[in-house]
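Breakdown of the fold
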Amino acid sequence: MKQTTKEKRIEHRLQPGVLTLSGFMGTDKRYWQEIVAADEAKLEELGITAEEIADRMQYFTDQSWDLFDRELELEGKFSVETEVVRGKLPCPFSHAGIYRKAFTILTRIDTGESLRWSSLNLHLIRDHHFFEGIGSPFRLNPEDLVRILF
Ligand SMILES: [Zn+2]
């Protein structure tokens, strides 16, 4: 794939040890544009948009933001907790935004399945349709998101 200078810069920022210790690519050997395209195709197949997923994630994060690490039960089937930690993360896609470091853990009471995301994950999904590379510790599979969040 022929990448522009800007695309190459993004590629670099996604690697381990640049913005975060583990980076965003995991063991995925694809270009980030290919990862985005494959996940967009998956969303299409699932009949949902990245924005709809991000809205739902944002809702859970907002509901649990000010609870100081206490768990909150919602809609009779979700347990949610958000931990706000020190530090901020810049967007690897060269956005001006810097994101508060907060982690939300959502557990389905009925199935026991859970998801964990950061404020940056939420931004990457909403604005860049980037769910991270396979094997990345913060990779979120669209199928898992749809199954667990709704
Ligand atoms: Zn961004």
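Residues numbered from 1 in each chain as written. Predicted model: local features only at pLDDT ≥ 70, side-chain atom pairs only at ≥ 80, totals over all residues. Heavy atoms only, no water.

What to know about the sheet that holds strand E3 (residues 98-108)
A sheet is described by the order of its strands in space; here four strands give the open sequence E1-E2-E3-E4, paired in antiparallel fashion. With one partner strand each, in any of the chains shown, strand E1 (72-74) and strand E4 (114-118) form the two edges of the open sheet. Ignoring strand direction, the axes of neighbouring strands in this sheet form an average angle of 30°. Judged from the 10 bridges that link them, strand E2 (residues 78-90) and E3 form a sheet pairing that is antiparallel. Note that in E3 the partner of Lys88 across the bridge is Arg100. On the sheet, helix H4 (residues 119-128) packs against E2, E3 and E4 and is oriented at approximately 85° with respect to E4. Set on the sheet, helix H5 (residues 142-149) makes contact with E2, E3 and E4; between it and E4 the angle comes to about 115°. (Pairing = 2+ DSSP bridges. Helix = DSSP H or I, 4+ residues; strand = E, 2+ residues; numbered from the N terminus. Axes fitted to C-alpha atoms, helices over the stretch in contact; angles between N-to-C directions. Contact = heavy atoms within 4.5 Å.)

Overview of the packing of helix H3 (residues 50-64) against H5
Where H3 meets H5, the axes come as close as 11 Å, and the angle between the chain directions of the two elements is 55°. When the axes of H3 and H5 are compared, the pair comes out oblique. Crossing of H3 over H5 shows left-handed handedness. Only Leu145, Val146 and Leu149 of H5 make contact with H3, whose side of the interface consists of Ile53, Arg56, Met57 and Phe60. A per-class count over the contact of H3 with H5 returns six nonpolar, no polar and one charged. (Parallel < 35°, antiparallel > 145°, perpendicular 65-115°, else oblique. Left-handed = near helix turned anticlockwise from the far one by under 90°. Nonpolar A, V, L, I, M, F, W, Y, C, P; charged D, E, K, R; others polar.)

What about the coordination of the zinc ion?
Here the zinc ion is held by Cys91 (SG), His95 (ND1), His123 (NE2) and His128 (NE2), and the distances to it run 2.0 to 2.2 Å. Each donor residue of the zinc ion lies on the same chain, and together they follow the pattern C-x3-H-x27-H-x4-H. Owing to a relative accessible area of 7%, His123 belongs among the buried residues under this scheme. Overall, the relative accessible area of 16% leaves His128 in the buried class. (Donors = N, O, S within 2.8 Å, 3.2 Å for Na, K, Ca; no water. Buried < 20%, exposed > 50% of the residue type's maximum accessible area, 1.4 Å probe, protein only.)

Section: the pattern of salt bridges
All chains considered together, the criterion is met by nine salt bridges. The shortest N-O distance in the salt bridge between Arg56 and Glu75 comes to 2.9 Å. Of the two residues, Arg56 is situated in helix H3 and Glu75 in the loop between E1 and E2; the sequence distance between them amounts to 19 residues. Across the pair Arg147 and Glu113 runs a salt bridge whose closest N-O atoms are separated by 2.6 Å. (Salt bridge = Lys/Arg side-chain N within 4 Å of Asp/Glu carboxyl O.)

In short, the description is geometric, and any link to function would need to be established separately.
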